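Each chain is listed here by its residues.
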Amino acid sequence: MKENKIGKTPQWKNDFPIDKEEATHVSRREFAKFLTLFSGALALGNGAIVLKSLAFPEKELEGQHFICEEGQVLMGEMLQFDIEGDKVIPYILIHLEDGEWRAFEQKCTHLACAVIYRKDLDLIECPCHKGYFDPRTGVVTQGPPPRPLPQLDVVIENGKVFVKAKSLKA
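What you see is a predicted model, and the numbers here were worked out from it, not measured in a lab.

Calculation criteria
Residues numbered from 1 in each chain as written. Predicted model: local features only at pLDDT ≥ 70, side-chain atom pairs only at ≥ 80, totals over all residues. Heavy atoms only, no water. Pairing = 2+ DSSP bridges. Helix = DSSP H or I, 4+ residues; strand = E, 2+ residues; numbered from the N terminus. Axes fitted to C-alpha atoms, helices over the stretch in contact; angles between N-to-C directions. Phe/Tyr/Trp six-rings, centres within 6.5 Å; stacked < 30°, edge-to-face > 60°. Buried < 20%, exposed > 50% of the residue type's maximum accessible area, 1.4 Å probe, protein only. Contact = heavy atoms within 4.5 Å.

Draft legend 1. Representation of the sheet that holds strand E2 (residues 77–84). Taken in spatial order, the 6 strands line up as E1-E10-E9-E4-E3-E2 in an open sheet, and their pairing is antiparallel. In this open sheet, the two edge strands, each paired with only one partner strand, are strand E1 (65–69) and E2. Averaged over all neighbouring strand pairs, the angle between strand axes comes to 30°, with direction disregarded. Bridge count for strand E3 (residues 88–95) against strand E4 (residues 101–105) is 5 bridges, and the pairing is antiparallel. Bridge pairing links His95 to Trp101 in E4.

Structure, rendered in C-alpha cells:
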C-alpha cells in the first residue's frame, strides 16, 4: 500500500485494499453477461404481457350506461365521462351542431393524450401533437394518429342520454 505524506496508511485502505482502477474497470465479458441477462429479463417481461392478454382478454362493454339528461349538453358542446369496468376508461360525449350525438374514447390513438372537441373547427383535436379526428366518424383527418378513435353508440330515451358498445353494421 502507498503511504501518505505523514508515512502512515489510512485504516480504511487496509480494510478495502482495492485500487480505484480495479474497482471501475468492467471487462468485455462482464458487460456482455450484463447485456444478456438484461435482454433476457426484457424478453420474459414481454412474454408475460402477451400471456396475460391471452389468458385475460378485455371484456366488451355490456348494456346501456346512463350519461346525462339530454338538455345538459348544449349543441356544439362536449361532456367528459368515465365508464368503469375492468379499468376506468374516459370518453367524450359530443352534441353536434346538426343535433346528432357522438361518443368517443378520450384517448388519442397516437400516444393516449386526452382529446377535446373543438366547436370552432368542428373537429376533435389531440393538442399534444396536433392530430385531428372527424367528430361524426372518429376517422383521422390530420396528424400522427394511426387509427380512428374507438366509438360508442349513443341512444336517447325519454330525454336521457345513454351509451352502449358500437353495433357492427353489415
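We are not done yet, so read on.
Draft legend 2. Broad picture of the packing of aromatic side chains. As enumerated under the stated definition, the model contains 3 aromatic pairs in all. When the centroid spacing of 5.7 Å and the interplanar angle of 65° are considered together, the rings of Phe66 and Phe162 count as edge-to-face. Of the two residues, Phe66 sits in strand E1 while Phe162 sits in strand E10 (residues 160–165), which places them 96 residues apart along the sequence. For Phe162, a relative accessible area of 15% gives the class buried. Centre to centre, the rings of Phe81 and Tyr91 are 5.6 Å apart; their planes meet at 20°, and the pair counts as stacked. Taken together, the residues span a long stretch of sequence, with Phe81 in strand E2 and Tyr91 in strand E3 at a distance of 10 residues.

Draft legend 3. Molecular detail of the pairing of strand E6 (residues 123–126). By the bridge criterion, 3 bridges tie strand E5 (residues 116–118) to E6 in an arrangement that is antiparallel. Within E6, the residue paired with Ile116 across the bridge is Glu125. Pairing of E6 with strand E7 (residues 131–133) involves 3 bridges; the strand directions are antiparallel. Residue Ile124 lies in a different strand from E7, and its bridge partner there is Phe133.

Draft legend 4. Region of interest: the environment of Val140. Mapped onto the elements of the fold, Val140 is located in strand E8 (residues 140–142). As a C-alpha pair, Val140 and Ala103 span 37 residues in sequence and 15 Å in three-dimensional space. Once residues within four sequence positions are removed from consideration, Val140 is found in contact with Tyr132, Phe133, Pro145, Arg147 and Pro148.

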